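Examination of the molecular architecture
Residue strings, one per chain:
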Amino acid sequence: MDFTLTEEQRAIQMLARDFAREEVEPVAADRDRITDWQERMPWDLTERASALGLRQLPYPEAFGGAGADVLTLCLVGEELAVGDLGFAVNIDQTWKLAHILDKVNEPLREQWLKRLCDDPRFLTAIAITEPGCGSDHQGYFDDPSIQLNTRAEKKDGRWVINGMKHYISNGPVASLYVVAARTDSSKNLREGLTGFLVPRETEGFSVGRVHEKVGQRLSMNSELFFENLEVPEENVILGEARMFEIRGKLLSMGKPEAAANCVGVGRAAFEKSIEYARERVQGGKTIIEHQAVAAMLADMAVGLETARTIIWRTAWAVDHQEPYDFTLGWKAKIHASEVAFDCARKGVEIFGGAGIMQAAPMEKYLRDASTFLHSDGTNQILRLRTAKAYADGTASSF
Ligand SMILES: Cc1cc2nc3c(=O)[nH]c(=O)nc-3n(C[C@H](O)[C@H](O)[C@H](O)COP(=O)(O)OP(=O)(O)OC[C@H]3O[C@@H](n4cnc5c(N)ncnc54)[C@H](O)[C@@H]3O)c2cc1C
């Protein structure tokens, strides 16, 4: 095993670290409290991330990206989330399309890649969840009675999509969407779900309610509506009824990246706790000298180190191991999200009364960290899927 980062990886990690510390973190807390989502949306930071090449990092160099691998995205995702988790999620969601680019029809790919890389505000979204179908599309997709009700029908050689989604990250602000719709309702999702590329400007597309969340407030989630929305055959990704193959790619790469975001917010809580514990004096000494506080800090460090290690291991497996073991990503996301929440909780305790005051950073970290216990698949469902993979013998042995 060799954990040495390449010079390029180290350089991009440092670039992201400086950007997050100098430009994201100083404004994040004030932004978080803005009530109007349109004012809260961090377009200025998105543009800066584009100028630094971070938003378009995994896209091909020929179009202005850097062709970054999953490990590099995890390094950058962790740094951005130290600055602000919601902002990191906006960027991370936009990386996801890069993971399925080879599945997108070629002329369409060229056309959208150029726009995506050139436009500093171009964000993307993946729309699967609906009010009647949350965990079910994560774990129980073999049941045809599942209430994923967005449907697409073929009419005169074009696909007509009707239905709605909710909770979609970047929902109200994306330029391009991957939308999952049923093309054969008699079949389960594995056999009857199709992925479509839907440009925002398509007639019949509209954004519904923007959900107000307690955490990740610099990331916007919303409902999306599709009313007799028409797309040509070439907008089908990979082929009819193949959304589950696409999702497999999104899952394998997306899970370690989401987990890296979690480590970022946990690390922010840890770093601020260390600073505070070195300065705050009670009982005649700095609180870091009290063993009860020191032990909490040590536990935070253990959690972060183990979470980062499983993320790097998973990222390596995504880039190098065939067949990829999906339980790696599930385990990484479960562990990292719980470590992040635990770091924020311990941070609140280390800050004492200040922990819950809006003037100190901890209450925001606690709100932010809470979002990933269920976002990207609830930890309960990911645990069930992990256990099932071991029971079935499909998880890799140690
Ligand atoms: C911040 C955020 C961002 C999101 N972004 C996106 C996005 O970009 N795109 C997208 O498509 N979706 C997105 N989602 C949706 C997300 O994937 C779902 O919220 C998640 O899968 C859970 O679904 P649910 O909210 O309907 O909860 P439910 O499925 O209703 O779950 C409620 C509770 O029941 C448990 N449960 C449910 N079913 C079972 C079962 N069979 N066995 C045991 N326990 C069970 C769950 O673990 C949970 O504790 C986002 C959600 C959030 C919160």
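We now turn to the structure provided with this report. (Residues numbered from 1 in each chain as written. Predicted model: local features only at pLDDT ≥ 70, side-chain atom pairs only at ≥ 80, totals over all residues.)

Here we look at the overall build of the protein
For the protein, the count of helices and strands is 13 helices and nine strands. At 21 Å, the protein has a C-alpha radius of gyration in line with the 21 Å of a compact globule built from 398 residues. In terms of its C-alpha atoms, the protein occupies a principal-axis envelope of roughly 80 × 50 × 40 Å. Across the 398 residues that make up the protein, the buried fraction comes to 47%. Long-range pairs, those at least 24 residues apart, make up 75% of the contacts in the protein with a sequence separation of at least 6. (Helix = DSSP H or I, 4+ residues; strand = E, 2+ residues; numbered from the N terminus. Rg over C-alpha atoms; globule rule 2.2 N^0.38 Å. Buried ≥ 20, exposed ≤ 12 C-beta atoms within 10 Å, placed from the backbone. Contact = placed C-beta atoms within 7 Å.)

Notes on the nonpolar core
Soluble globular proteins tend to pack their nonpolar side chains together in the buried interior. Counting residues in hydrophobic clusters, the biggest one holds 114 residues, and the most contacted among them are Ala-127, Val-179, Phe-196, Ile-311 and Ala-340. Per-element accounting of this core gives the leading share, 15 residues, to helix α9 (residues 243-279). In this structure Ala-340 touches Cys-262, Val-263, Val-265, Gly-266, Ala-369 and Phe-372, once residues within four positions along its chain are discounted. (Core = buried A, V, L, I, M, F, W, Y, C linked by C-beta atoms within 7 Å.)

Focus: the packing of helix α5 (residues 85-95) against α9
It is at 10 Å that the axes of α5 and α9 come closest, and there the two elements cross at 165 degrees. Between α5 and α9, the angle falls in the class roughly antiparallel. Note that α5 runs across α9; the crossing there is right-handed. In contact with Leu-85, Ala-88, Val-89, Asp-92 and Trp-95 of α5, α9 contributes Glu-257, Ala-258, Asn-261, Gly-264 and Val-265. (Axes fitted to C-alpha atoms, helices over the stretch in contact; angles between N-to-C directions. Parallel < 35°, antiparallel > 145°, perpendicular 65-115°, else oblique. Left-handed = near helix turned anticlockwise from the far one by under 90°.)

Some remarks on the pairing of strand β2 (residues 151-155)
Across five bridges, β2 lies against strand β3 (residues 158-169) in antiparallel orientation. Note on β3: the bridge partner recorded for Lys-154 is Trp-159. Where β2 folds back onto β3 in an antiparallel hairpin, the turn is made up of two residues, including Asp-156, whose phi is positive at roughly 50 degrees. (Pairing = 2+ DSSP bridges.)

A look at the pairing of strand β7 (residues 221-232)
Note: β3 against β7, nine bridges, orientation antiparallel. Across the sheet, the residue bridging to Val-160 is Glu-230, located in β7.

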